[in-house]
Amino acid sequence: MAKADFYETLGVSKTADEKELKSAFRKLAMKWHPDKNPGDHGAEKKFKEINEAYEFLKDPQKRAAYDRFGHAAFEQGGPGGPGQGAGFGGAGGFSDIFEDIFGEMMGGRRRGGGQSQGRERGEDLRYNMEISLEEAYSGKVAQIRVPSSITCDVCTGSGAKPGTKPSTCATCHGSGRVRATQGFFSIERTCPNGQGRVTEERSLQVNIPEGIEDGTRIRLQGEGEAGLRGGPSGDLYIFMSVRPHSFYKRDGADLYCIVTIPMVTATLGGKFEISTLDSTKSRVTVPEGTPTGKQFRLKGKGMPVLRSHQTGDLYVQIVVETPQKLTKRQRELLEEFQKISSKENNPESTGFFAKMKDFFDTLSD
């Protein structure tokens, strides 16, 4: 059976450049990879054909020979023929092809690009901190302990013993990366040898500004993981969480609370005090006839605006409490009050029932 044309296998023209070849191979390799088609022998065969076609066409010399002589160029032990790495084994296997195309996605190094010095930036760290609303109001200086990798004091990040010079690593050969091949894929990771850092728990001081909000992120530059082999350190990100308060609710810089007052106070008027977050007491004057839901504004008694001289307001919402467990005398007094009450004493309820009566009278017409 005649062997399929390499260009047809990849679905490209004979004038396709390197970029087009890679793009076509990437799409087909992802589509026909055995891991995506378990148990499908046809897909496995197709995948091998795609791999072989790309292996030859990506090499300028092999491609030139193929363009001139076709498959005959690689038969009878020709260059790149059987035993020359066209399949999955040897230096020309799929692991190398995968590295050529996806190496940058896995943090790899391309062959022929020269060895890296192995210096890498340290990882960023995340620390979750929870504070109270009072602490968010006034700000604070917090001490935290963070387990992380720091530059080794002995080798000062070089990975070499004192009095010696760094030598080429026998594991990664100085590239700072090692490659592990599994099946058809080759994945690179940081070389574990001679990283030039040690693990230690550090104590850090964090300044929490006044007015900080839930979800705010504080960045401490250079306080993350130490870099590999003397590379720069990463950053530490502190994610702030403000605990819900038992009395106040926050909306930006404004605070809200609900205060329940006796019916008599709401009816006759009066005053009450509440404690605010600035550690003072504020007095609220209740006018005569205050209904449930009435809201009072205390200017400047809210939260500080972050990195500003402004301050939000405090809004106090009133709930009128209905008397419970009345004595006989209290009931008599209320019944007497009801008898002598007029529509003017209960304007809202009187108006509501009047509107309801009009509504049903309209339906009956």
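Reading the values: rules and limits
- Residues numbered from 1 in each chain as written.
- Predicted model: local features only at pLDDT ≥ 70, side-chain atom pairs only at ≥ 80, totals over all residues.
- Heavy atoms only, no water.
- Buried < 20%, exposed > 50% of the residue type's maximum accessible area, 1.4 Å probe, protein only.
- Helix = DSSP H or I, 4+ residues; strand = E, 2+ residues; numbered from the N terminus.
- Pairing = 2+ DSSP bridges.
- Axes fitted to C-alpha atoms, helices over the stretch in contact; angles between N-to-C directions.
- Parallel < 35°, antiparallel > 145°, perpendicular 65-115°, else oblique.
- Left-handed = near helix turned anticlockwise from the far one by under 90°.
- Contact = heavy atoms within 4.5 Å.
- Salt bridge = Lys/Arg side-chain N within 4 Å of Asp/Glu carboxyl O.
- Patch = residues over 30% accessible without salt bridge, like charges linked within 9 Å, V, L, I, M, F, W, Y side chains within 5 Å.
- Areas by Shrake-Rupley, 256 points an atom, 1.4 Å probe, with all protein chains shown as cover.

### Re the pairing of strand S6 (residues 217-220)
Along S6, the buried face is formed by Ile 218 and Leu 220; none of Arg 217 and Arg 219, which line the opposite face, is buried. Relative to strand S7 (residues 236-242), S6 runs antiparallel, the two being bridged by 4 bridges. When the bridges of S7 are listed, Arg 217 appears paired with Phe 239.

### Quick notes on the sheet that holds strand S9 (residues 254-262)
Ordered by their spatial adjacency, 4 strands build an open sheet running S8-S9-S13-S12, and the pairing between neighbours is mixed. In this open sheet, the two strands that pair with only one neighbour each are strand S8 (249-251) and strand S12 (295-298). Strand-to-strand twist of the sheet, defined as the mean angle between neighbouring strand axes without regard to direction, takes the value 30 degrees.

### Some points on the environment of Glu 55
Within the secondary structure, Glu 55 is located in helix H3 (residues 41-57). A C-alpha to C-alpha distance of 9.8 Å links Glu 55 and Phe 6, two positions 49 residues apart in sequence.

### Observations concerning the packing of helix H2 (residues 18-32) against H3
Two quantities define a packed helix pair, namely the angle between the helix axes and the distance between the axes. At a minimum axis distance of 9 Å, the contact between H2 and H3 shows a crossing angle of 165 degrees. As judged from the angle between their axes, H2 and H3 are roughly antiparallel. H2 and H3 meet at a crossing whose hand is left-handed. Contacts from Leu 21, Lys 22, Phe 25, Leu 28, Ala 29 and Trp 32 of H2 reach H3 at Ala 43, Lys 46, Phe 47, Ile 50, Asn 51, Tyr 54 and Leu 57.

### Examining the sheet that holds strand S1 (residues 125-131)
The strand order across the open sheet built from 3 strands is S1-S7-S6, with neighbouring strands paired in mixed fashion. This sheet does not close on itself; its edge strands, each paired only once, are S1 and S6. Strand-to-strand twist across the sheet, computed as the mean angle between neighbouring axes with direction ignored, equals 25 degrees.

### Comments concerning the pairing of strand S10 (residues 270-275)
One face of the sheet, then the other: side chains in a regular strand alternate in exactly this way. In the sheet, S10 pairs with strand S11 (residues 281-286) via 6 bridges, with the strands oriented antiparallel. Counted as the bridge partner of Phe 272 is Val 284 from S11. Hairpin connection, S10 to S11: the antiparallel pair is bridged by 5 residues, and Ser 279 has positive phi, about 65 degrees.

### Notes on the pattern of salt bridges
Taken as a whole and judged by the stated rule, the model has 14 salt bridges. Here Glu 52 and Lys 3 are joined by a salt bridge, their closest N and O atoms 2.8 Å apart. With Glu 52 in helix H3 and Lys 3 in the segment before helix H1 (6-10), this pair connects stretches of sequence that are 49 residues apart. Its salt-bridge partner being Lys 22, residue Glu 18 comes within 3.5 Å of it at the nearest N-O pair. In this pair, Glu 18 and Lys 22 are both assigned in helix H2, 4 residues apart and thus about one turn of the helix distant.

### Looking at unusual backbone geometry
Of all residues except glycine, most have a negative phi; of all peptide bonds, most are trans. Located in the positive-phi region is Arg 307, a residue other than glycine, with phi close to 55 degrees. Tracing the sequence through the fold places Arg 307 in the loop between S12 and strand S13 (314-321). Positive phi outside glycine occurs at Lys 325, with the angle close to 50 degrees. Looking at the secondary structure, you find Lys 325 in the loop between S13 and helix H8 (328-340). Of the residues examined, Lys 325 reaches a relative accessible area of 81% and is grouped as exposed.

### Things to note about a nonpolar patch on the surface
On the surface, a cluster of nonpolar side chains totalling about 410 Å² of accessible area is made up of Met 263, Val 264, Leu 268, Leu 326 and Leu 334. One can find Met 263 in helix H7 (residues 263-268). Residue Met 263 is classed as partly exposed on the basis of its relative accessible area of 31%.

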